[in-house]
Each structure stands twice: as structure tokens, then as C-alpha cells.
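Close look at the chain arrangement
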Amino acid sequence: MLCSSINADFERTYRREVVAARSLASRGVAVARFHYRGTGNSDGHHTELTFDGMVDDAMSVLGWLRQEAGIAVPVVLGARWGALVAAATSRLSGFGPLALWEPVVEGTRYFREADRARAVRVLKEGASGQRSAEALDVELARYEEADVLGYPITRAFYDSAVERTLAREAGELSRAVLFVEIGSRGGLRPENARQVRRWEEMGFHVRTAQVEGRETWWFIGDRWEPEERRPLTLELARVTGDWILEHIRSGGWGG
Amino acid sequence: MGRMKRDSMVDASAETPVFFPAGQRLLFGIHTRPTAPPNGLAAIILPGGGVPLTTNRNRLSVRVCRSLAAQGYHTMRFDYHGTGESSGTAEAFRLHEPFAEDVTGAIEWIRGQGVERILLIGSCFGARTALAAAVSDDRLAGLILVSVPPRDFEMGERLTSRFSTELSVWQYLRRGLRARHLRGLFDSQRRAAYVRHARAKGRTLFGRFRRASGAIDRSRPDPSRISPVFVEKVGSLVDRGVPILFIYGQDEDFYEEFGRATDAGLGTKLDGAGSLVALETLPGTVHGFTRLTVQDQVADLVTRWAGRLAGVESR
């Protein structure tokens, strides 16, 4: 089950997730994707979006996969913000295997990036009379909602999400984890390396991979490249598929 | 009208995901059934190349489809080939090569539901695609073109092609020698951008030379000039009496270029069309829908104009 990210990430990685899911399916792995309530084509309004609601939605899909598709041990896969949702879902559903693509390790980091994106826009276009000249948390303390480049962040979502961390959401029971970082090769970034080390010390079976690529989150670029041909996308699908099939062939997810 | 009220009009229970054929490919779309008495019209939404998905940025297309369904419209939003959930590969988004075949597939599918009269609503690349599909459809009810680009260029060349006509070689050199641009030479992405600018300028100069020498290649569009294809297609729809709504942001380059297109002869046709053609402008930039207020304003304009169109059609 694939837990997507939200806002600009959701749109940016949509096709990548479709391509990766189809690649996994071609190797015999069934994949379920979904849109959280209040996002994408699902029901609901964006004001209903909270972190707990997202986890509830993921749990519903997991239940469907188990009941309808007869899958005993689903792999929960999360991309960017979806990694936090995937980690919580994995913990709440019996500590199944967890795969993470360029995970948001701390909620505060995600919102800091959002703040920076707003600042870049103000620098580019000027702040004249715009609320976005204020810091995100200041604006949310005053209003119910902030505009981050055309995506709404509500106070309810922010309050439910800002303190989340990958470590806390995943819990302490060891399990198999695939941790994929997107960037330049040559060692994980410090925050990711710390998280992986911590899990290894706790007995988690962590496989790390670095996939070369450059992403500018929040800003949708103006260059088009078919996702089916992007080395980044093909590598993500390959690494994830290899990891899943390796475990299936070895007869389990213990190590 | 606030976003919350509009969103709550129709929910996903009125929607059916479908795969429909378009040429050799299967495209993914979402059909929203009318939740008010059907008005005999269907609206098809075509996104731009920036967020080429059924949702568009921040679900704008979802909101528009559900609002129109509450007015009695059948609606369809879909992913172009090679995007979202659809099959195929999209090699490039070029305004002179719109995905008209995809729209034809969507129109055929929706007509299969028993609705003949179609309103096409497109933004940016989607608007040019709507325009391309519209000229060959004789049962078209109307057209809404949001930030429709009047020039022909490939996605990623909007600014390079514009600068190539506005800046002289001397101005290019002066800009290129600025400290921050020189620092950019150490960054592969910025280096690639400089090469694109240089190529665009080269193409513009070469095009001028060829025009001056009388050798014009009509098969290769000139991205620095108003597209004759754009002018011709809008003109032919006006001649046919198809109602059109143009929406632009007052600060966006496409609006300024639209002004140039009207100065170049399209204006007389549009003036002659009377109330069949409307132009609405909004403060700032509409293109890309990068502000929540702009999304609300565009959604309101579209739903109001579509409502009026349904009223006219029912008479």
C-alpha cells in the first residue's frame, strides 16, 4: 500500500507513483494507491484533513487489502509526508514491513520548507498586502488557513502534524525497513543517517539506498520529462521491487 | 462564495472513474453525473502542462466539476496520455502540438452517455488543446479558455522565447555578465538554463534572417511571435458563433500577448462577436493557479458563465 504525500508533492510525484506501482505489479506485487479524504479525487473538504484522519484512511485501505485481496503481510510504503503516515499505519497494524521514499523525518522540517517556499515567493513578487509575508505559524495562529503557493494549510492540520516524527510514528518494535533517499550519492544526509542508526540500534532491519536525483519540493517546475524514462523513477521502482521480492523469496520479513 | 460551500455541493458518490479509448491509448477520467435536473450539457476540463492531472492544482478541477454537476452538467476530467493514471507516454507539451486526440476520445465517451452539447474548459496547454479539438466539433456548446497562450512554444520555453524577442544581444551579454549569473555557471541546472536562453536567441535571430530573406518555414512555429494558428482557430470559432470566455490575469505575459493578437487583427473579429465572446481579467497572475484566491475567483467565473450558457442553451 502506497501512502502518497500531500499538496505540491502529491502532484509532483503522482505519475512516479503510478509508474512505480505498475512496475511492481509487473513483478507480481499488487499495489493499492489512494487519495486521503479531502484531497485528490476523494470525498471531503481540505479542512477535514488531519494527520490522524490520514492514518485512519490508510488503515481502511489496509483493511480492504487484507479482506478483499487476501494479502496477509502488506508492505506499507510512504513517500515524503506519506512516510509519516506509513510509519504510523505500520505501527498500528501490527508492525509490518515499511518502505520509505525520501521521507519527511520531522513534521517541523516539512512546515519549515513550506515557510521557505512562501518566503521565496514574497522575494520574487513582493509582499504588498499579502498575509504570506508572515511566518506560517504566526499566520495560522491568527487565521484558520494559510496559502502556500496555492495549497491550503489549515490550523487543524498543522496542529495535528507539526510535532510528528518518523521515530515516534514507527514505534519501537523492530521490523524490516527500506529507507530510500533521493539526492546525490555519497552517504545519507545527517538527519536520515541519525534515524537509520537509531533504528539499527533498536534492532530494526534497515536497508538503505540512495537514488540519484534533484527535486525542488513545493515548486512545480516548467520542464517536462516523461516519468517512465526518468532514471530516478525507474531506480526507485527497481530498488523497492528488489527489496520486496528478496524478502518474499527468503520466506519472510524477519531480516 | 467560499470554498467550503462550493465543495460541499456534490461528493464523490456522483462520480465514476472510467478508462476510455483515445486513439491507440486508454485514458483515465472521472465522470461526474448531474445532481440537479440535467441541463443537456457536458463539460470537459483540460488542465495545463504544469499539473496535468484530473485534479489540477489543489483540486481545482474537482471543485469545478462538482459545482457544474450541481447545476445539471455532466462533467469529465481526465489525464492526458502519459500523465496521471492514463496509458502511453507524453513526450513533450508543445502548444503547436496539442493533445486533441485525447479530447476527442473524452468527447466520444461522454456523448456515449447521451449528452450531445459539450462545453470545453481548458487552462494554458489545456486551453490550446480545447481550441484544437473545438474547431473540428460541430456540436460544441462553448469554450472557456483560461490563460490561453497566444504564442507557440514548448513547456519550459515560455520565458526564454519571450526574452529572445524583448532583449537585444547586448542586453543578453550585460545580463550574462552579472555576478549571480556567472556564479550560476557552477550549477548544472542553471548552466542548462543559460544554454536554453542562448539557443532561443539564436533561433529568433535566425528566424528574422529567414523572414527577411523570404524563406519562411510554416511547419516550424516561431515561439517569439503570436501564433497564426491561434488567431485562425479563435477566428473560425467566432465565425461559427461559438460562445467563448477568455480569462486572464492582468499581470501575466499571456494577457499582454493576447492584446497583441487582438491588435494584429483578431480584435475586429472579437468585437464583431458581441456578447458571444467575453473577456474577464483578474488582478495578478492566473496562470498556474498559484494562489487560493485566484483559484476561487476562476472557479466562480467558470461556474457563473457555464450557468448562463446553460440558460441560453435551454431557450
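As a starting point, this report considers the structure included with it. Just so it is clear, the structure is predicted and the values come from calculations on it, not from any experiment.

What follows covers the overall build of chain B. Looking only at helices and strands, chain B features 11 helices and eight strands. Each of the three principal axes of chain B carries a C-alpha extent, and together these read 65 × 45 × 40 Å. Looking at chain B as a whole, 53% of its 315 residues qualify as buried. Excluding contacts between residues fewer than 6 apart, the proportion of contacts in chain B whose partners are at least 24 apart in sequence is 73%. In the structure as shown, chain B presents an accessible area of about 13,600 Å², 54% of it carried by carbon and sulfur atoms. Averaged over its 43 positive side-chain charges, chain B has a centre that lies 6 Å from the centre of its 33 negative ones.

All names here are of chain A. Helix length check: helix H10 (residues 231-249), at 19 residues, gives a terminal C-alpha distance of 26 Å against a target of 27 Å (1.5 Å per residue), a fit within 8%. Turning to H10, its buried residues are Leu232, Thr233, Leu236, Ala237, Val239, Thr240, Gly241, Trp243, Ile244, Leu245 and His247. On its buried face, H10 sits against helix H2 (14-26), strand E2 (76-79), strand E3 (98-101), strand E6 (176-183) and strand E7 (205-212). Where H10 terminates, the next one or two residues include Gly251, which has phi positive at roughly 90°.

Between chain B and chain A, the residue contacts involve 44 residues of the former and 36 residues of the latter. For the pairing of chain B and chain A, the buried interface totals around 3,200 Å² over both sides, and the portion due to carbon and sulfur atoms is 42%. Together, Arg59, Glu85 and Arg291 of chain B form the three largest contributors to the area buried by chain B at its contact with chain A, with a combined 19%. The tally of links between chain B and chain A comes to three salt bridges.

Moving on, we come to the pattern of salt bridges. Residue and element names in this part refer to chain A. Counting across every chain of the model gives 43 salt bridges over all chains. Here Arg80 ties to Glu113 by a salt bridge, and the two come within 2.9 Å at their closest N and O atoms. In this pair, Arg80 is assigned in the loop between E2 and helix H4 (81-92) and Glu113 in helix H5 (residues 107-125), connecting sequence segments 33 residues apart. The class for Arg80 is buried, based on a relative accessible area of 4%. Between Arg109 and Glu191 there is a salt bridge, and its shortest N-O distance comes to 3.8 Å. Here Arg109 is found in helix H5, whereas its partner Glu191 is found in helix H9 (residues 190-201), with 82 residues between them in sequence. Taking the relative accessible area as the measure of exposure, Glu191 reaches 17% and is therefore buried. In this structure, a network of salt bridges that share partners links the residues Arg12, Arg16, Glu215, Glu225, Glu227 and Arg230.

Bringing the sheet that holds strand E8 (residues 277-282) of chain B into the picture now. All names here are of chain B. Strand order in the open sheet formed by eight strands is E1-E2-E4-E3-E5-E6-E7-E8, with mixed pairing between adjacent strands. The open sheet has two edge strands with one neighbour each: strand E1 (15-22) and E8. For this sheet the average axis-to-axis angle between neighbouring strands, irrespective of direction, equals 20°. Sheet topology note: the E1/strand E2 (residues 25-32) ladder contains eight bridges and is antiparallel. In the sheet register, Glu15 faces E2, and the bridge partner there is Thr32. The strands touched by helix H2 (residues 60-69) within the sheet are E1, E2, strand E3 (41-46), strand E4 (74-78) and strand E5 (117-123), with E4 carrying the most contacts at an inclination of about 165°. Against the sheet, helix H10 (residues 253-272) contacts strand E7 (244-249) and E8, and its axis sits at roughly 150° relative to E7.

Residues and elements named next belong to chain B. A maximum bend of about 85° is found in H10 at Leu266. Asp253, Phe254, Glu257, Phe258, Ala261, Leu266, Gly267 and Leu270 are the residues of H10 that are buried. Gly274 sits one or two residues past H10 and shows a positive phi near 60°.

A few words now on the pairing of strand E6 (residues 140-146) of chain B. All names here are of chain B. Burial within E6 is extensive, with seven of its seven residues counted as buried. The pairing of E5 with E6 spans six bridges and is classified as parallel. Residue pairing across strands places Leu120 opposite Leu143, the latter belonging to E6. Handedness of the E5-helix H4 (residues 125-134)-E6 crossover: right-handed. Direction of pairing for E6 relative to E7: parallel, over a ladder of four bridges. Residue pairing across strands places Val146 opposite Ile247, the latter belonging to E7.

Rules and cut-offs
Residues numbered from 1 in each chain as written. Chains lettered and ligands numbered in written order. Predicted model: local features only at pLDDT ≥ 70, side-chain atom pairs only at ≥ 80, totals over all residues. Heavy atoms only, no water. Helix = DSSP H or I, 4+ residues; strand = E, 2+ residues; numbered from the N terminus. Buried < 20%, exposed > 50% of the residue type's maximum accessible area, 1.4 Å probe, protein only. Contact = heavy atoms within 4.5 Å. Areas by Shrake-Rupley, 256 points an atom, 1.4 Å probe, with all protein chains shown as cover. Lys, Arg positive; Asp, Glu negative; His and termini not counted. Charge placed at Lys NZ, Arg CZ, Asp CG, Glu CD. Expected span 1.5 Å × (residues − 1). Buried area = accessible area lost by both parts, 1.4 Å probe. Salt bridge = Lys/Arg side-chain N within 4 Å of Asp/Glu carboxyl O. Pairing = 2+ DSSP bridges. Axes fitted to C-alpha atoms, helices over the stretch in contact; angles between N-to-C directions. Bend = angle between axes of the 7 residues up to and from the residue. Right-handed = clockwise from strand over helix to strand, strands pointing away.

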